[in-house]
Amino acid sequence: MRACVPSYQLIHSPDLSSALEMLAREPGVWRPFAGGTDLMVLLEAGKLPHKNYLNIWNLKELRGIEVTDQHVTLGGLTTYTEVQQEKLLQKEFPMLCQAASETGGLAIQNRGTLGGNVVNASPAADSPPALLAYDAEIELVSSGGSRWLSYDGFHTGYKQMGIRPDELLSRIRLPRTGPIGPIGLVDNHVKIWHFSQRYRNEKINHPGPDPRVVLFIRFSIACTGPTRPAATLTLD
C-alpha cells in the first residue's frame, strides 16, 4: 500500500541557523530530510510513520571536505559519490571509499549522504563499519551550540542513538593516524542472505615504512546485532 503524499509536509530552510531554530522551537515535530534515499523507500511502501520533514539538502554549511595534517573532516551532507572522488580518501581511507562504491546504484550514491547513513541507524548500513574502524568522531549541532563525540558508542540499540531531536549531524572527522597496511579491507561485504548480512572492516597501521612492523589493528563488525561493535588490538 502506497502512502498518501498530501498527508506529509516538507518545509525548507534557507540556512543552518534557521533549520536549527526550527528544530529547537518544535522538538520532535520536524525531522531532517537530506538525500531521502532511505525515507523514500519507506514512503513508497506506505511505511513512513513520521509526517513532518525539514529539508536540509541545500544547507551549504553541512557540505565540503576539509583536510589538515591531523584530520579529514567531511560535512554531514557529503555524498557517496563525493567520497569516491576525493583522492586523499582513496589513498588514506580506502575502506570508506569501497563502502561508498557498494552503496546502491549511481542514483543512490549521488543523493545518499554519510550523515544520513549514520543517523538512519541501521545495523546493515554500509559506511558505519568503515567509520568505526577509522575511529571517527561526529559533530552534533543545535541552536545552543555544538559537541564532538566518538562515533564508537553513538548507537545504543536498534534505531537508537545519542542525538537529540533538536540536533543535526554536521560533520564527521577522521584522524590521519598513519599509513594503512596492505590488508586495509577484509571481507567488507560477506553476504549471508538467509538471515542477515555481516560486514567486517579491519584497519592495520604500522609506524613506519616497514610494513612488517604492525602497531595496532582496529576492526568493526556489523549486521550481527542491534549495534556495531568495534575494538582495537594493540600489538607490542
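As a reminder, the structure under discussion sits directly above these lines.
Here the structure is a predicted model, which is why all the values come from computation and not from measurement.

About the cut-offs
- Residues numbered from 1 in each chain as written.
- Predicted model: local features only at pLDDT ≥ 70, side-chain atom pairs only at ≥ 80, totals over all residues.
- Heavy atoms only, no water.
- Salt bridge = Lys/Arg side-chain N within 4 Å of Asp/Glu carboxyl O.
- Helix = DSSP H or I, 4+ residues; strand = E, 2+ residues; numbered from the N terminus.
- Pairing = 2+ DSSP bridges.
- Axes fitted to C-alpha atoms, helices over the stretch in contact; angles between N-to-C directions.
- Buried < 20%, exposed > 50% of the residue type's maximum accessible area, 1.4 Å probe, protein only.
- Polar contact = N/O pair within 3.5 Å; in protein donor to acceptor, adjacent residues only side chain to side chain.
- Contact = heavy atoms within 4.5 Å.

Student: Is there a simple way to think about the pattern of salt bridges in this case?
Tutor: If charged atoms from side chains of opposite charge come close, those side chains can pair. Here the structure, examined in full by the defined rule, presents 6 salt bridges. One salt bridge in this structure joins R147 and E167, with 2.8 Å as the shortest N-O distance. In this pair, R147 is assigned in strand β7 (residues 145-150) and E167 in the loop between β9 (160-161) and β10 (168-175), connecting sequence segments 20 residues apart. Where salt bridges share partners, they join R147, R164, D166 and E167 into one cluster.

Student: Got a minute to help me understand the sheet that holds strand β5 (residues 71-75) in this structure?
Tutor: Within a sheet, adjacent strands bond to each other through the backbone by hydrogen bonds, running parallel or antiparallel. What the 5 strands build is an open sheet, ordered β4-β5-β10-β6-β7; its pairing is antiparallel. Each edge of the sheet is formed by a strand with only one pairing partner; in this case those strands are β4 (65-67) and β7. Averaged over all pairs of adjacent strands, the angle between their axes in this sheet comes to 20°, without regard to strand direction.

Student: Would you take a moment to explain the side chain of S142 for this structure?
Tutor: Turning to its location among the elements, S142 is positioned in strand β6 (residues 137-142). The exposure class assigned to S142 is buried, which follows from its relative accessible area of 9%. Within the structure, the side chain of S142 is placed 3.4 Å from the side chain of R164, a separation counted as a polar contact. The residues touching S142, leaving out its near neighbours within four places in the chain, are L20, R164, D166 and E167.

Student: Just checking my understanding: could you explain unusual backbone geometry for this structure?
Tutor: Peptide bonds are trans in most cases, and residues, glycine excluded, mostly fall at negative phi. The phi torsion at A121 lies on the positive side, around 60°, for a residue other than glycine. One can find A121 in the loop between α7 (114-119) and α8 (127-133). Residue D135 is not a glycine yet carries a positive backbone phi of 60°. With respect to the secondary-structure elements, D135 resides in the loop between α8 and β6.

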